[in-house]
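Structure at a glance
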Amino acid sequence: MRSYGFFRFQGTSGTINMNTGGGIDIPWTSVHTDGQTFVPVGTTQIRIVDTGYYEVGFNVYCTSTVTRANPTIRVRINGLDTGYLAWSYIRNSDNHNENSWTLSPVLMSLAANDVLTVQGRYTTNGGAGGCYLYSNSAAVNKAYSTLTLKRVA
């Protein structure tokens with residue numbers, strides 16, 4: 001493995017709606033980046049420094065009071081959808097108010113100066129309304145959304 005990056009959402013739970021028509025990028029806190037392969041730009045973007053092949057994966061936790069919320073959480077490069085995304089489902093019944101959207105690592109060819117973001121967006125495949133990033137730093141039920149990047153070639 002040449003290098004890797006690990007990011008997590010440490011913002012306030014329930015404040016960032018992943019279920020909007022225009023979409024919203026997830027703000028990440030850098031836990032580890034080497035600064036030579038990719039670097040954070042602001043809070044929502046990661047700039048690729050080295051051209052190469054990368055494994056990209058995420059696990060995003062959301063909470064909702066909307067029945068059947070089902071936004072897509074997607075990887076975007078330079079503001080364009082890549083087709084790599086995750087769907088999940090929150091029933092909002094019988095205490096089913098949280099869920100996770102997971103993208104197993106996919107291999108992507110990325111060029112120097114590409115900008116990677118992870119965005120949540122409403123689709124017509126689920127209920128409209130609030131579906132918020134969930135974060136819990138308590139000792140019990142600790143949960144962070146995470147993004148991992150690994151240069152493999």
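The following paragraphs examine the structure supplied in this document.

Attention now goes to the overall build of the protein chain. Helix and strand counts for the protein chain stand at zero helices and twelve strands. Listing the helices and strands of the protein chain from first to last along the sequence gives β-β-β-β-β-β-β-β-β-β-β-β. For 153 residues, the compact-globule estimate of 2.2 N^0.38 gives 15 Å, and the protein chain sits close to it at 15 Å. Taking the principal axes of the C-alpha coordinates as reference, the protein chain spans close to 45 × 35 × 25 Å. Here the protein chain, with 153 residues, has 42% of them falling under the buried criterion. Just so you have it, the protein chain exposes about 7,300 Å², and 47% of that area is on carbon and sulfur atoms. Distance from the positive charge centre (11 side chains) to the negative charge centre (8 side chains) of the protein chain: 2 Å.

Right, let's talk about the side chain of N136 for a bit. The topology assignment puts N136 in the loop between strand 11 (131-133) and strand 12 (146-151). Here Y134 takes part through its side chain, which lies 3.3 Å from a polar atom of the side chain of N136. In contact with N136, not counting residues within four places along its chain, are N141, K142 and A143.

In total, this model carries one aromatic pair according to the counting rule given. Sitting over the ring of Y144, R8 keeps its end group 4.1 Å from the ring centre.

Below, the discussion takes up the nonpolar core. One recurring pattern in soluble globular proteins: nonpolar side chains tend to sit buried together. In terms of nonpolar packing, the biggest core is built from 32 residues, with I26, F58, V60, L116 and L147 touching the most fellow members. Mapped onto this core, the elements with two or more residues apiece are strand 5 (45-48), strand 6 (52-64), strand 7 (72-77), strand 9 (98-110), strand 10 (115-121), strand 11 and strand 12. Setting aside residues no more than four positions away along its own chain, V60 makes contact with I26, W28, I73, N99, S100, W101, L133 and S145.

Rules behind the numbers
Residues numbered from 1 in each chain as written. Predicted model: local features only at pLDDT ≥ 70, side-chain atom pairs only at ≥ 80, totals over all residues. Heavy atoms only, no water. Helix = DSSP H or I, 4+ residues; strand = E, 2+ residues; numbered from the N terminus. Rg over C-alpha atoms; globule rule 2.2 N^0.38 Å. Buried < 20%, exposed > 50% of the residue type's maximum accessible area, 1.4 Å probe, protein only. Areas by Shrake-Rupley, 256 points an atom, 1.4 Å probe, with all protein chains shown as cover. Lys, Arg positive; Asp, Glu negative; His and termini not counted. Charge placed at Lys NZ, Arg CZ, Asp CG, Glu CD. Polar contact = N/O pair within 3.5 Å; in protein donor to acceptor, adjacent residues only side chain to side chain. Contact = heavy atoms within 4.5 Å. Phe/Tyr/Trp six-rings, centres within 6.5 Å; stacked < 30°, edge-to-face > 60°. Lys NZ or Arg CZ within 6 Å of the ring centre and 35° of its normal. Core = buried A, V, L, I, M, F, W, Y, C linked by side-chain atoms within 4.5 Å.

By themselves, these observations are geometric and do not establish any function.
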